[in-house]
Amino acid sequence: MSLIAQIAVFLGATVLAIPLFRRLRLSSILGYLAAGVVIGPWGLRVIQDTEGVMHIAEFGVVLLLFVIGLELQPSRLRAMRKAVFGLGLAQVVLTTAVFTLIALALGLPANAAVVTAFALSLSSTPLVLQLLAERQQLNTHHGRSSFAILLFQDIAVMPMLAILPLLGGSQQDMTSTLLSGLKGLAVLAALVFGGSYVLRPVLRLVAETKVSEAFTAAALFVVLGTALLVNAVGLSMALGAFVAGLLLADSEYRHELEADIEPFKGLLLGLFFMSVGMAANLGLLIEQPGRIAAFVTGLLAVKFALLWALARLTRHSAESARGMAFALPQAGEFGFVLFSLAVTYRVMDPSLAELLVIVVTISMIVSPLLMSLHTNVIEPRLSKPQTREFDRVEAQDSRVIIAGFGRVGQIVGRVLRMRHIAFTALEASVAQVDFVRRFGNKIYYGDASRLEVLQAAGAARAEVFVLAIEDIDASVRTAELVRRHFPNLKVLARARNRQHALRLMDIGVKYFIRETYLSSLDLAQHTLEALGLARADAVESIRRFDVHDKKQLQVQRTIRDDEQKLIQSAQQAARELEQLFESDKESDPGDKVTQVTQERTL
């Protein structure tokens, strides 16, 4: 089959498999693996040269390492240093040690046992990050910890790639191996100290041409050139790409490089996962199903237990510990690279590498299913709803009560504190209360839509009630309660949108601010001034718009349940507003925007 035909097959498999698996709410990586099995030697046999495909697909890992290097800015590493070099280091060292003991007990030689254990201690960076992103868990506690561990694992691969040739060297060729190692270190040193004086000037020259294709070509050349240079002295191409990314992590071209590389990285990583599916020896699975099932189960169980224990020792909650343990128990794609190199350097027998590849592959296939099981079945049953009782509000003589201490409520509170005006802040979110208290703010956990909470907060004696609750229904309930039981209390409300404002008007709330209304008017005023309109004219235009919009709001209040009338009203209001400003133009022939436009045209 020609190269073009093979490319068409891979693209077709991607187009068919990925949408199907995404529709089934499964990971796209699982789709790539399945597509590889289908088109490979154990499926339809459309593609036979799995080794050749794997060599090309390895560039996906090279590009992945380059992007990881780009993201490892010194400032970012400093901010995450405790999690990366504490939790990450502990995970790799502990897991490698445990798996080494298991491998030695199973009769593996020491060097093969260490490489096997280290490879199995790693998890799949692209798989885990994509699974966490799909479930919107990257910013959770276990999501951040998982990212830190993956980051350290990616860094830890580099020393292993460097020392792997030494593990396979015999007594006779140890000298040549050491010389090769010294050459590799020399090349890396040259890259580190000389790269910044070569790479950045070259990229600057290319960027000055302002030809996007040239910059994309330069980005790919930097990655592949560095990778090939390092590979020429016996080190991994992935190591070279990683170093190149590190050198450019603080450059002004970091984001542009990442954007240019991303499409190639995505496609080649997809090809890499397909090649993994193609290369999986399903015959071995058919011959030794019990043995492979035991290895996969042992791998997942041991890593799960170690991850859970580490999470609990580092003060993760039970929920976060489970989340991290279910996210990282699989082996990773670097295992394929390490096993292949281990065979090349005679560290590992090909039969062992073949067995480990199928174990790693199955662990990656099972991982998305385990995470789905955890998210949809296990966690909902184990998680207990928060039953924390409301705080007992002390007797208050505050002039102001703030209901809702989020973005809006906190700003109001800061201004009041600046003027030494006493206020009582109520917040119904446990997470928000705990977060705000970390910064020294006094706030009560309580639901302002409950009468006893308002009475304890001193609503009968307060002068102003600031309604800053974000949830619209809760806001309306609270406003109704305050208007009914504390009619003399002035209510100043935050409205999320126009519909929220209309509901507050129905209750009798006279003063409210739509969340983005004033900032939008301010932006519109500056836009008019930027176009050349005098400041006084711009202010007057905004004033007239504001008056017209508030009048329109009153009209819409009576017809908001009739969609047809609401549409007609909005259209009529737009025409009236245009006519209003058109009449101003006719009465004022010296319209400033028109004058400036004409002057610029002339």
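Above: the structure in question.
Residues numbered from 1 in each chain as written. Predicted model: local features only at pLDDT ≥ 70, side-chain atom pairs only at ≥ 80, totals over all residues. Heavy atoms only, no water.

Observations concerning the environment of Met54
With respect to the element layout, Met54 can be found in helix H3 (residues 50-71). Residue classification places Met54 among the buried residues on the basis of a relative accessible area of 18%. When the C-alpha positions of Met54 and Val276 are compared, they lie 7.7 Å apart, and in sequence the two are 222 residues distant. Ignoring sequence-local partners within four residues, the contact set of Met54 consists of Phe272, Ser275, Val276 and Ala279. (Helix = DSSP H or I, 4+ residues; strand = E, 2+ residues; numbered from the N terminus. Buried < 20%, exposed > 50% of the residue type's maximum accessible area, 1.4 Å probe, protein only. Contact = heavy atoms within 4.5 Å.)

Quick look at the packing of helix H10 (residues 212-231) against helix H12 (residues 254-279)
Helix packing geometry: the angle between the two helix axes and the distance between the axes. One way to put it is that H10 packs onto H12 with a least axis distance of 9 Å and a crossing angle of 80°. Judged by the inter-axis angle, H10 sits roughly perpendicular to H12. Counted together, Phe215, Thr216, Ala219, Leu220 and Val223 of H10 and Glu256, Leu257, Asp260, Ile261 and Phe264 of H12 form the full contact between these two elements. In terms of residue class, the contact of H10 with H12 is made up of seven nonpolar, one polar and two charged. (Axes fitted to C-alpha atoms, helices over the stretch in contact; angles between N-to-C directions. Parallel < 35°, antiparallel > 145°, perpendicular 65-115°, else oblique. Nonpolar A, V, L, I, M, F, W, Y, C, P; charged D, E, K, R; others polar.)

Quick word on the packing of H10 against helix H11 (residues 237-247)
Taken N-terminus to C-terminus, the directions of H10 and H11 make an angle of 130°; their axes are 7 Å apart at the nearest point. Judged by the inter-axis angle, H10 sits oblique to H11. Every pair of crossing elements has a handedness; the one defined by H10 and H11 is right-handed. Along the contact surface, H10 presents Val222, Val223, Thr226, Ala227, Leu228, Val230 and Asn231, while H11 presents Met237, Gly240, Ala241 and Ala244. Split into classes, the residues belonging to the contact of H10 with H11 amount to eight nonpolar, three polar and no charged. (Left-handed = near helix turned anticlockwise from the far one by under 90°.)

Thoughts on the side chain of His500
Among the structural elements, His500 can be located in helix H22 (residues 498-507). Looking at His500, the relative accessible area reads 0%, which means it is buried. Residues within four places of His500 in sequence aside, it is in contact with Ile472, Ser475, Val476, Arg494 and Ala495.

Structural notes on the sheet that holds strand S4 (residues 464-467)
Strand order in this open sheet of six strands is S3-S2-S1-S4-S5-S6, and the pairing throughout is parallel. Bordering the open sheet on either side are strand S3 (444-445) and strand S6 (511-514), each of which pairs with just one other strand. Bridge count between strand S5 (residues 490-495) and S6: four bridges; the pairing is parallel. In the sheet register, Ala493 faces S6, and the bridge partner there is Phe512. (Pairing = 2+ DSSP bridges.)

Side note on unusual backbone geometry
Generally, phi is negative for residues other than glycine and the peptide bonds are trans, each holding for most cases. One non-glycine residue, Lys210, lies in the positive phi region at around 60°. Looking at the secondary structure, you find Lys210 in the loop between helix H9 (174-208) and H10. One non-glycine residue, His420, lies in the positive phi region at around 60°. Position of His420 among the secondary structure elements: in the loop between helix H18 (407-418) and strand S2 (423-427). The exposed category is assigned to His420, whose relative accessible area is 74%.

Regarding a nonpolar patch on the surface
Among the surface-exposed residues, Leu3, Ile4, Ile7, Leu11 and Leu267 lie close enough to one another that they form a single nonpolar patch of about 530 Å² accessible area. The element that contributes the greatest number of residues to the nonpolar patch is helix H1 (residues 3-23), accounting for four residues. Structurally, Ile4 can be placed in helix H1. On the basis of relative accessibility, which here comes to 64%, the residue Ile4 falls in the exposed class. (Patch = residues over 30% accessible without salt bridge, like charges linked within 9 Å, V, L, I, M, F, W, Y side chains within 5 Å. Areas by Shrake-Rupley, 256 points an atom, 1.4 Å probe, with all protein chains shown as cover. Salt bridge = Lys/Arg side-chain N within 4 Å of Asp/Glu carboxyl O.)

The values reported here are purely geometric and, on their own, carry no functional implication.
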